[in-house]
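One letter stands for each residue in the lines below.
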Amino acid sequence: MMPPANNPQNRIDEYLLELQSALGGLPEEQIIDILQEIRTHLCDSVTSNGQITDASVTAALQRMGKPTQIAAMYLTSSIIQRATTTRSPWLVLHGTFRWAALSAAGIVALISSLIGYTLAAIFTYCALAKAFRPERVGLWRYSDPDLTYSLHLGLVAPPLGTEVLGWYIVPIGLVLGIGLFLLTTQLALWTMRKFFRTRTDLALSVV
Amino acid sequence: MALTATQQKIAVDGNDKWEIQLRKGSLELAVLAALWTGRLYGLEILRRLADGSDLIVPEGTVYPLLARLKDDGLVDSEWVEAEAGHPRKYYTLTRTGRRRVTHMASYWSEFSAKLDHLLAPIEKEGR
(Lines give C-alpha, C1' and ligand atoms only; values in the text may rest on other atoms or scores of the structure.)
Protein backbone atom coordinates (compact mmCIF):
# COMPACT_ATOMS: atom_id res chain seq x y z
CA MET A 1 0.00 0.00 0.00
CA MET A 2 1.30 3.45 -0.86
CA PRO A 3 1.83 5.75 2.12
CA PRO A 4 -0.17 8.98 1.97
CA ALA A 5 1.58 11.76 0.09
CA ASN A 6 1.82 13.98 3.14
CA ASN A 7 3.38 11.32 5.35
CA PRO A 8 5.95 13.22 7.48
CA GLN A 9 8.86 10.98 6.51
CA ASN A 10 7.98 11.49 2.85
CA ARG A 11 7.96 15.22 3.19
CA ILE A 12 11.38 15.16 4.84
CA ASP A 13 12.65 12.90 2.06
CA GLU A 14 11.26 15.28 -0.55
CA TYR A 15 13.00 18.19 1.12
CA LEU A 16 16.28 16.29 1.22
CA LEU A 17 15.95 15.28 -2.44
CA GLU A 18 15.49 18.91 -3.37
CA LEU A 19 18.54 19.82 -1.32
CA GLN A 20 20.53 16.99 -2.88
CA SER A 21 19.86 18.14 -6.42
CA ALA A 22 20.67 21.76 -5.50
CA LEU A 23 24.01 20.63 -4.05
CA GLY A 24 25.08 19.08 -7.36
CA GLY A 25 28.69 19.93 -8.11
CA LEU A 26 29.97 19.29 -4.61
CA PRO A 27 32.01 16.14 -3.96
CA GLU A 28 29.76 13.11 -3.41
CA GLU A 29 31.17 12.50 0.08
CA GLN A 30 30.34 16.00 1.20
CA ILE A 31 26.79 15.77 -0.15
CA ILE A 32 26.15 12.57 1.81
CA ASP A 33 27.56 14.21 4.92
CA ILE A 34 25.39 17.31 4.53
CA LEU A 35 22.22 15.30 3.86
CA GLN A 36 22.84 13.12 6.92
CA GLU A 37 23.31 16.16 9.11
CA ILE A 38 20.19 17.93 7.84
CA ARG A 39 18.15 14.71 8.09
CA THR A 40 19.15 14.28 11.73
CA HIS A 41 18.23 17.88 12.40
CA LEU A 42 14.79 17.53 10.79
CA CYS A 43 14.04 14.26 12.59
CA ASP A 44 14.98 15.86 15.94
CA SER A 45 13.12 19.00 15.07
CA VAL A 46 9.77 17.42 14.10
CA THR A 47 9.65 15.19 17.16
CA SER A 48 10.70 17.75 19.73
CA ASN A 49 7.14 18.41 20.89
CA GLY A 50 6.46 14.75 21.58
CA GLN A 51 4.37 14.01 18.55
CA ILE A 52 4.60 14.46 14.82
CA THR A 53 1.74 16.23 13.10
CA ASP A 54 1.35 17.69 9.67
CA ALA A 55 1.66 21.14 11.16
CA SER A 56 4.81 20.29 13.14
CA VAL A 57 6.50 19.00 9.96
CA THR A 58 5.52 22.13 8.06
CA ALA A 59 6.88 24.29 10.87
CA ALA A 60 10.14 22.33 11.05
CA LEU A 61 10.71 22.65 7.30
CA GLN A 62 9.90 26.35 7.40
CA ARG A 63 12.35 26.96 10.25
CA MET A 64 14.97 25.16 8.20
CA GLY A 65 14.66 27.51 5.22
CA LYS A 66 14.67 26.89 1.49
CA PRO A 67 16.92 24.03 0.26
CA THR A 68 18.16 26.19 -2.61
CA GLN A 69 19.36 28.89 -0.19
CA ILE A 70 21.16 26.41 2.02
CA ALA A 71 22.77 24.85 -1.05
CA ALA A 72 23.88 28.24 -2.39
CA MET A 73 25.75 28.93 0.85
CA TYR A 74 27.49 25.56 0.76
CA LEU A 75 28.43 25.95 -2.90
CA THR A 76 29.88 29.40 -2.39
CA SER A 77 32.03 28.33 0.54
CA SER A 78 33.12 25.20 -1.24
CA ILE A 79 34.07 26.87 -4.52
CA ILE A 80 36.17 29.48 -2.73
CA GLN A 81 37.72 26.84 -0.50
CA ARG A 82 38.65 24.59 -3.42
CA ALA A 83 39.94 27.50 -5.48
CA THR A 84 42.06 28.58 -2.51
CA THR A 85 43.59 25.17 -1.91
CA THR A 86 44.15 24.13 -5.52
CA ARG A 87 44.85 27.62 -6.96
CA SER A 88 43.56 26.21 -10.21
CA PRO A 89 42.66 28.99 -12.66
CA TRP A 90 39.67 26.93 -13.73
CA LEU A 91 38.21 26.98 -10.22
CA VAL A 92 39.10 30.64 -9.79
CA LEU A 93 37.20 31.47 -12.97
CA HIS A 94 34.34 29.20 -11.89
CA GLY A 95 34.12 31.14 -8.62
CA THR A 96 34.22 34.57 -10.23
CA PHE A 97 31.68 33.35 -12.79
CA ARG A 98 29.23 32.48 -10.04
CA TRP A 99 29.93 35.79 -8.37
CA ALA A 100 29.36 37.63 -11.67
CA ALA A 101 25.90 36.09 -11.82
CA LEU A 102 25.08 37.84 -8.55
CA SER A 103 26.57 41.32 -8.71
CA ALA A 104 28.32 44.01 -10.74
CA ALA A 105 31.43 43.64 -8.57
CA GLY A 106 31.50 39.99 -9.60
CA ILE A 107 31.36 40.93 -13.28
CA VAL A 108 34.35 43.24 -12.80
CA ALA A 109 36.21 40.44 -11.01
CA LEU A 110 35.39 37.98 -13.78
CA ILE A 111 36.51 40.33 -16.57
CA SER A 112 39.71 41.25 -14.71
CA SER A 113 40.53 37.59 -14.15
CA LEU A 114 39.91 36.77 -17.80
CA ILE A 115 42.13 39.65 -18.96
CA GLY A 116 44.82 38.72 -16.44
CA TYR A 117 44.93 35.07 -17.50
CA THR A 118 44.81 35.94 -21.21
CA LEU A 119 47.75 38.35 -20.92
CA ALA A 120 49.65 35.81 -18.82
CA ALA A 121 49.07 33.21 -21.53
CA ILE A 122 50.23 35.61 -24.29
CA PHE A 123 53.47 36.54 -22.46
CA THR A 124 54.24 32.91 -21.71
CA TYR A 125 53.46 31.95 -25.29
CA CYS A 126 55.87 34.65 -26.57
CA ALA A 127 58.65 33.29 -24.38
CA LEU A 128 58.09 29.71 -25.48
CA ALA A 129 57.48 30.44 -29.16
CA LYS A 130 60.81 32.24 -29.39
CA ALA A 131 62.57 28.88 -29.09
CA PHE A 132 60.78 27.50 -32.14
CA ARG A 133 60.46 30.53 -34.39
CA PRO A 134 63.18 32.93 -33.30
CA GLU A 135 62.80 35.12 -36.37
CA ARG A 136 59.10 35.70 -35.87
CA VAL A 137 58.83 36.40 -32.16
CA GLY A 138 60.16 39.54 -30.60
CA LEU A 139 59.52 43.14 -29.70
CA TRP A 140 60.04 45.34 -32.73
CA ARG A 141 60.61 49.04 -32.84
CA TYR A 142 59.42 50.61 -36.03
CA SER A 143 61.63 53.16 -37.68
CA ASP A 144 58.69 55.47 -37.43
CA PRO A 145 59.19 58.97 -35.91
CA ASP A 146 56.43 58.17 -33.42
CA LEU A 147 58.54 55.26 -32.15
CA THR A 148 55.69 52.80 -32.10
CA TYR A 149 56.43 49.53 -30.36
CA SER A 150 54.78 46.34 -31.38
CA LEU A 151 54.88 43.00 -29.66
CA HIS A 152 54.87 40.81 -32.69
CA LEU A 153 54.45 37.06 -32.58
CA GLY A 154 52.93 34.15 -34.41
CA LEU A 155 52.91 33.18 -38.04
CA VAL A 156 52.93 36.58 -39.68
CA ALA A 157 56.17 37.66 -41.38
CA PRO A 158 58.13 40.13 -39.25
CA PRO A 159 57.51 43.77 -40.13
CA LEU A 160 60.20 46.29 -40.97
CA GLY A 161 61.76 47.55 -37.81
CA THR A 162 64.43 46.76 -35.26
CA GLU A 163 64.10 43.91 -32.88
CA VAL A 164 64.94 45.23 -29.42
CA LEU A 165 64.79 42.34 -26.97
CA GLY A 166 66.47 39.44 -28.73
CA TRP A 167 66.63 36.31 -26.58
CA TYR A 168 65.83 38.35 -23.49
CA ILE A 169 62.21 37.92 -24.50
CA VAL A 170 62.37 34.40 -23.06
CA PRO A 171 63.14 35.30 -19.42
CA ILE A 172 61.12 38.52 -19.61
CA GLY A 173 58.11 36.77 -21.13
CA LEU A 174 58.28 33.96 -18.59
CA VAL A 175 58.59 36.29 -15.62
CA LEU A 176 55.75 38.51 -16.83
CA GLY A 177 53.57 35.55 -17.79
CA ILE A 178 54.04 33.58 -14.58
CA GLY A 179 53.97 36.72 -12.44
CA LEU A 180 50.72 37.88 -13.98
CA PHE A 181 49.25 34.40 -13.64
CA LEU A 182 50.04 34.27 -9.92
CA LEU A 183 48.94 37.86 -9.38
CA THR A 184 45.60 37.28 -11.11
CA THR A 185 44.95 34.15 -9.02
CA GLN A 186 45.90 35.87 -5.76
CA LEU A 187 43.86 38.95 -6.50
CA ALA A 188 40.79 36.98 -7.56
CA LEU A 189 40.95 34.74 -4.48
CA TRP A 190 41.48 37.70 -2.20
CA THR A 191 38.53 39.66 -3.58
CA MET A 192 36.33 36.55 -3.54
CA ARG A 193 37.14 35.78 0.08
CA LYS A 194 36.77 39.37 1.12
CA PHE A 195 33.67 40.44 -0.77
CA PHE A 196 31.86 37.56 -2.39
CA ARG A 197 31.62 35.31 0.66
CA THR A 198 30.57 38.03 3.06
CA ARG A 199 27.98 39.15 0.59
CA THR A 200 26.34 35.79 0.04
CA ASP A 201 26.48 34.91 3.72
CA LEU A 202 24.87 38.22 4.44
CA ALA A 203 22.10 37.82 1.98
CA LEU A 204 21.16 34.37 3.19
CA SER A 205 22.07 33.81 6.77
CA VAL A 206 19.86 36.19 8.70
CA VAL A 207 16.22 37.13 8.29
CA MET B 1 6.50 67.52 9.97
CA ALA B 2 4.67 64.43 8.85
CA LEU B 3 6.55 61.91 6.75
CA THR B 4 4.98 60.64 3.58
CA ALA B 5 4.24 56.93 3.38
CA THR B 6 7.24 56.40 1.10
CA GLN B 7 9.60 58.27 3.41
CA GLN B 8 8.36 56.25 6.33
CA LYS B 9 8.84 53.06 4.40
CA ILE B 10 12.40 54.04 3.52
CA ALA B 11 13.14 54.90 7.14
CA VAL B 12 11.84 51.52 8.31
CA ASP B 13 13.57 49.56 5.56
CA GLY B 14 16.82 51.37 6.28
CA ASN B 15 16.44 50.34 9.87
CA ASP B 16 15.77 46.73 8.94
CA LYS B 17 18.81 46.66 6.72
CA TRP B 18 20.98 48.04 9.48
CA GLU B 19 19.66 45.46 11.91
CA ILE B 20 20.34 42.66 9.41
CA GLN B 21 23.92 43.86 8.98
CA LEU B 22 24.39 44.00 12.70
CA ARG B 23 22.95 40.54 13.30
CA LYS B 24 24.96 39.07 10.48
CA GLY B 25 28.11 40.61 11.86
CA SER B 26 27.55 39.01 15.23
CA LEU B 27 26.36 35.59 14.04
CA GLU B 28 29.84 34.14 13.61
CA LEU B 29 30.85 35.36 17.06
CA ALA B 30 27.65 33.92 18.57
CA VAL B 31 28.18 30.49 16.99
CA LEU B 32 31.82 30.33 18.11
CA ALA B 33 30.88 31.57 21.59
CA ALA B 34 28.18 28.90 21.91
CA LEU B 35 30.89 26.27 21.45
CA TRP B 36 33.14 27.73 24.16
CA THR B 37 31.97 25.39 26.93
CA GLY B 38 32.16 22.19 24.92
CA ARG B 39 31.05 20.22 21.92
CA LEU B 40 27.55 20.71 20.53
CA TYR B 41 25.60 19.58 17.49
CA GLY B 42 23.76 21.91 15.13
CA LEU B 43 20.37 21.97 16.84
CA GLU B 44 21.97 22.58 20.24
CA ILE B 45 23.91 25.52 18.83
CA LEU B 46 20.69 26.97 17.43
CA ARG B 47 18.97 26.57 20.81
CA ARG B 48 21.83 28.39 22.50
CA LEU B 49 21.51 31.20 19.99
CA ALA B 50 17.77 31.45 20.52
CA ASP B 51 18.07 31.38 24.34
CA GLY B 52 21.12 33.51 24.75
CA SER B 53 20.67 36.10 22.07
CA ASP B 54 18.17 37.59 19.72
CA LEU B 55 19.66 35.80 16.74
CA ILE B 56 16.88 34.01 14.93
CA VAL B 57 18.22 32.51 11.71
CA PRO B 58 16.76 30.07 9.21
CA GLU B 59 18.02 26.91 10.89
CA GLY B 60 19.48 25.47 7.71
CA THR B 61 21.92 28.34 7.32
CA VAL B 62 23.87 27.50 10.45
CA TYR B 63 25.21 24.35 8.76
CA PRO B 64 26.92 26.02 5.79
CA LEU B 65 28.31 28.55 8.27
CA LEU B 66 29.72 25.73 10.41
CA ALA B 67 31.16 24.12 7.27
CA ARG B 68 32.93 27.37 6.47
CA LEU B 69 34.24 27.76 10.03
CA LYS B 70 35.59 24.24 9.69
CA ASP B 71 37.27 25.08 6.38
CA ASP B 72 38.83 28.08 8.08
CA GLY B 73 40.17 25.80 10.82
CA LEU B 74 38.17 27.42 13.62
CA VAL B 75 36.03 24.39 14.47
CA ASP B 76 36.37 20.65 14.12
CA SER B 77 33.59 18.11 13.73
CA GLU B 78 32.99 14.43 14.43
CA TRP B 79 30.09 12.05 13.95
CA VAL B 80 28.87 10.44 17.13
CA GLU B 81 26.42 7.53 17.17
CA ALA B 82 23.38 8.32 19.28
CA GLU B 83 21.94 5.67 21.58
CA ALA B 84 18.63 6.05 19.83
CA GLY B 85 17.94 7.71 16.57
CA HIS B 86 20.37 9.19 14.09
CA PRO B 87 24.11 9.82 14.47
CA ARG B 88 24.91 13.44 15.26
CA LYS B 89 27.66 15.67 14.01
CA TYR B 90 29.30 17.43 16.93
CA TYR B 91 31.38 20.57 16.61
CA THR B 92 34.24 21.71 18.84
CA LEU B 93 36.41 24.81 18.82
CA THR B 94 39.97 24.23 17.65
CA ARG B 95 42.85 25.98 19.30
CA THR B 96 42.78 28.60 16.55
CA GLY B 97 39.01 28.91 17.08
CA ARG B 98 39.46 29.56 20.80
CA ARG B 99 42.04 32.24 20.09
CA ARG B 100 39.80 33.81 17.49
CA VAL B 101 36.69 33.90 19.68
CA THR B 102 38.70 35.30 22.60
CA HIS B 103 39.91 38.09 20.38
CA MET B 104 36.42 38.72 18.98
CA ALA B 105 34.86 38.78 22.46
CA SER B 106 37.32 41.31 23.86
CA TYR B 107 36.98 43.49 20.79
CA TRP B 108 33.20 43.33 21.07
CA SER B 109 33.19 44.31 24.78
CA GLU B 110 35.52 47.20 24.25
CA PHE B 111 33.59 48.43 21.25
CA SER B 112 30.17 48.19 22.86
CA ALA B 113 31.38 49.86 26.08
CA LYS B 114 32.56 52.86 24.08
CA LEU B 115 29.38 52.94 22.06
CA ASP B 116 27.26 52.78 25.24
CA HIS B 117 29.07 55.85 26.45
CA LEU B 118 28.16 57.64 23.25
CA LEU B 119 24.56 56.47 23.45
CA ALA B 120 24.01 57.42 27.10
CA PRO B 121 22.64 60.95 26.44
CA ILE B 122 20.24 59.62 23.79
CA GLU B 123 18.87 56.98 26.11
CA LYS B 124 18.32 59.61 28.81
CA GLU B 125 16.39 62.02 26.59
CA GLY B 126 14.69 59.41 24.46
CA ARG B 127 12.64 58.13 27.37
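Up top is the structure.
If you're wondering where the values come from, they're calculated on a predicted model, not measured in any experiment.

J.: Would you mind showing me how to read the overall build of chain B here?
T.: A count of helices and strands for chain B gives 4 helices and 3 strands. Mapped from its N terminus to its C terminus, chain B presents α and β elements in the order α-β-α-α-β-β-α. Counting only residues that meet the buried cut, chain B has 34% of its 127 residues in that class. Only carbon and sulfur atoms are counted for the fraction: they give 56% of the accessible area of chain B, which is about 8,300 Å².

J.: Any chance you could explain the packing of helix α4 (residues 67-86) of chain A against helix α5 (residues 89-100) of chain A here in plain terms?
T.: The geometry of a pair of packed helices is captured by two quantities: the angle between their axes and the separation between those axes. Residues and elements named next belong to chain A. Contact geometry for α4 and α5: axes closest at 8 Å, N-to-C directions at 150 degrees. When the axes of α4 and α5 are compared, the pair comes out roughly antiparallel. With respect to the hand of their crossing, α4 and α5 are arranged in left-handed fashion. Contacts between α4 and α5 involve Leu 75, Ile 79, Arg 82, Ala 83 and Thr 86 on the former and, on the latter, Leu 91, Val 92, His 94, Gly 95 and Arg 98.

J.: Before we go on, may I ask you to explain the packing of aromatic side chains in this structure?
T.: The geometry of an aromatic ring pair is captured by two quantities: the separation of the ring centres and the angle between the planes. All names here are of chain A. If you walk through the whole model with that rule in mind, you get 3 aromatic pairs over all chains. Each ring, one from Tyr 117 and one from Phe 181, has its centre 5.5 Å from the other, and the planes form 50 degrees; the classification is tilted. With Tyr 117 in helix α6 (residues 104-132) and Phe 181 in helix α7 (residues 169-205), this pair connects stretches of sequence that are 64 residues apart. Classification of Phe 181 by relative accessible area gives partly exposed; the value is 30%.

J.: Mind showing me how you'd approach the pattern of salt bridges here?
T.: Going through the model one piece at a time under the given rule, you end up with 10 salt bridges over all chains. Where Asp 54 of chain A meets Arg 11 of chain A, a salt bridge forms, and the shortest distance between an N and an O atom there is 3.4 Å. A residue pair is termed long-range when its members are at least 10 positions apart, and Asp 54 of chain A in helix α3 (residues 54-64) and Arg 11 of chain A in helix α1 (residues 8-22) qualify at 43 residues. Overall, the relative accessible area of 40% leaves Asp 54 of chain A in the partly exposed class. The network of salt bridges with common partners includes Glu 28, Arg 68, Asp 72 and Arg 100 of chain B.

J.: Would you mind showing me how to read helix α3 (residues 62-71) of chain B here?
T.: Because each turn of an α-helix spans 3.6 residues, side chains separated by three or four positions in sequence point in the same direction. All names here are of chain B. α3 sits mainly inside the fold: 7 of its 10 residues count as buried. When α3 is considered as a whole, its buried residues turn out to be Val 62, Tyr 63, Pro 64, Leu 65, Leu 66, Arg 68 and Leu 69. Two residues or fewer after α3 comes Gly 73, characterised by a positive phi angle close to 80 degrees.

J.: Sorry if this is basic, but what is going on with the sheet that holds strand β3 (residues 88-93) of chain B here?
T.: Within a sheet, each strand pairs with its neighbour through backbone hydrogen bonds, oriented either parallel or antiparallel. All names here are of chain B. Taking strand neighbours across the sheet as the criterion, the 3 strands line up as β1-β3-β2 in an open arrangement whose pairing is antiparallel. Each of the sheet's edge strands pairs with one partner strand only, and the pair in question is β1 (40-41) and β2 (75-80). Relative to β3, β1 runs antiparallel, the two sharing 2 bridges. Its bridge partner lying in β3, Leu 40 is registered against Tyr 91. Across the sheet, α3 lies against β2 and β3, angled at about 120 degrees from β2, the strand it touches most.

The rules behind each value
- Residues numbered from 1 in each chain as written.
- Chains lettered and ligands numbered in written order.
- Predicted model: local features only at pLDDT ≥ 70, side-chain atom pairs only at ≥ 80, totals over all residues.
- Heavy atoms only, no water.
- Helix = DSSP H or I, 4+ residues; strand = E, 2+ residues; numbered from the N terminus.
- Buried < 20%, exposed > 50% of the residue type's maximum accessible area, 1.4 Å probe, protein only.
- Areas by Shrake-Rupley, 256 points an atom, 1.4 Å probe, with all protein chains shown as cover.
- Axes fitted to C-alpha atoms, helices over the stretch in contact; angles between N-to-C directions.
- Parallel < 35°, antiparallel > 145°, perpendicular 65-115°, else oblique.
- Left-handed = near helix turned anticlockwise from the far one by under 90°.
- Contact = heavy atoms within 4.5 Å.
- Phe/Tyr/Trp six-rings, centres within 6.5 Å; stacked < 30°, edge-to-face > 60°.
- Salt bridge = Lys/Arg side-chain N within 4 Å of Asp/Glu carboxyl O.
- Pairing = 2+ DSSP bridges.

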